Amino acid sequence: MQTCRRELLDRALIGNQRHLCQALREFERFYNSHRPHQGIANARPLHAWPRAITDPGQIARLDIRRRERLGEILHEYEYAA
């Protein structure tokens, strides 16, 4: 609950109950599916561990994209296809 308050509610201006419910649903999807957690290898709760990158040349070629969610309050990062 504290994470939701600190990362969402303290940063967002909520207009009404419908807006609050929409923002909370979006935050829940973000928190449970994308957000890295402080666990074993920062694995997301609903996904397998990410593969380690061992080739230094591959690190230089990473194409990472950022997507804004909830009016730029939340940020998702992913590899470009």
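In this text the structure is predicted, and so the values were computed from the model without any measurement. (Residues numbered from 1 in each chain as written. Predicted model: local features only at pLDDT ≥ 70, side-chain atom pairs only at ≥ 80, totals over all residues. Heavy atoms only, no water.)

Which residues make up the packing of helix α1 (residues 2–9) against helix α2 (residues 17–33), and what values do they have?
Close contact between α1 and α2 brings their axes to 11 Å; oriented N to C, the two are set at 110°. When the interaxial angle is binned, α1 and α2 end up roughly perpendicular. α1 and α2 meet at a crossing whose hand is right-handed. Contact residues: α1 offers Thr3, Cys4, Glu7, Leu8 and Leu9, while α2 offers Leu20, Ala23, Leu24, Phe27 and Tyr31. (Axes fitted to C-alpha atoms, helices over the stretch in contact; angles between N-to-C directions. Helix = DSSP H or I, 4+ residues; strand = E, 2+ residues; numbered from the N terminus. Parallel < 35°, antiparallel > 145°, perpendicular 65-115°, else oblique. Left-handed = near helix turned anticlockwise from the far one by under 90°. Contact = heavy atoms within 4.5 Å.)

Let's hear about the environment of Glu7: which residues, and what values?
Relative to the elements of secondary structure, Glu7 occurs in helix α1. Between the C-alpha atoms of Glu7 and Ile73, which are 66 residues apart in sequence, the distance is 7.7 Å.

Break down α2 for me, with residues and values.
The terminal C-alpha atoms of α2, which comprises 17 residues, lie 24 Å apart, in line with the 24 Å expected from a rise of 1.5 Å per residue. For α2, every residue scored as buried is listed here: Ala23, Glu26, Phe27 and Phe30. Projected down its long axis, α2 carries its buried residues within an arc of 100°, all on one side. In α2, the exposed positions angled more than 90 degrees off the buried face are occupied by Gln17 and Arg18. On its buried face, α2 sits against α1, β1 (64–69) and β2 (74–79). For α2, the capping residue at the N-terminal end is Asn16, with a side-chain oxygen 3.2 Å from the backbone nitrogen of Arg18. (Expected span 1.5 Å × (residues − 1). Buried < 20%, exposed > 50% of the residue type's maximum accessible area, 1.4 Å probe, protein only. Arc of directions from axis to C-beta. Polar contact = N/O pair within 3.5 Å; in protein donor to acceptor, adjacent residues only side chain to side chain.)

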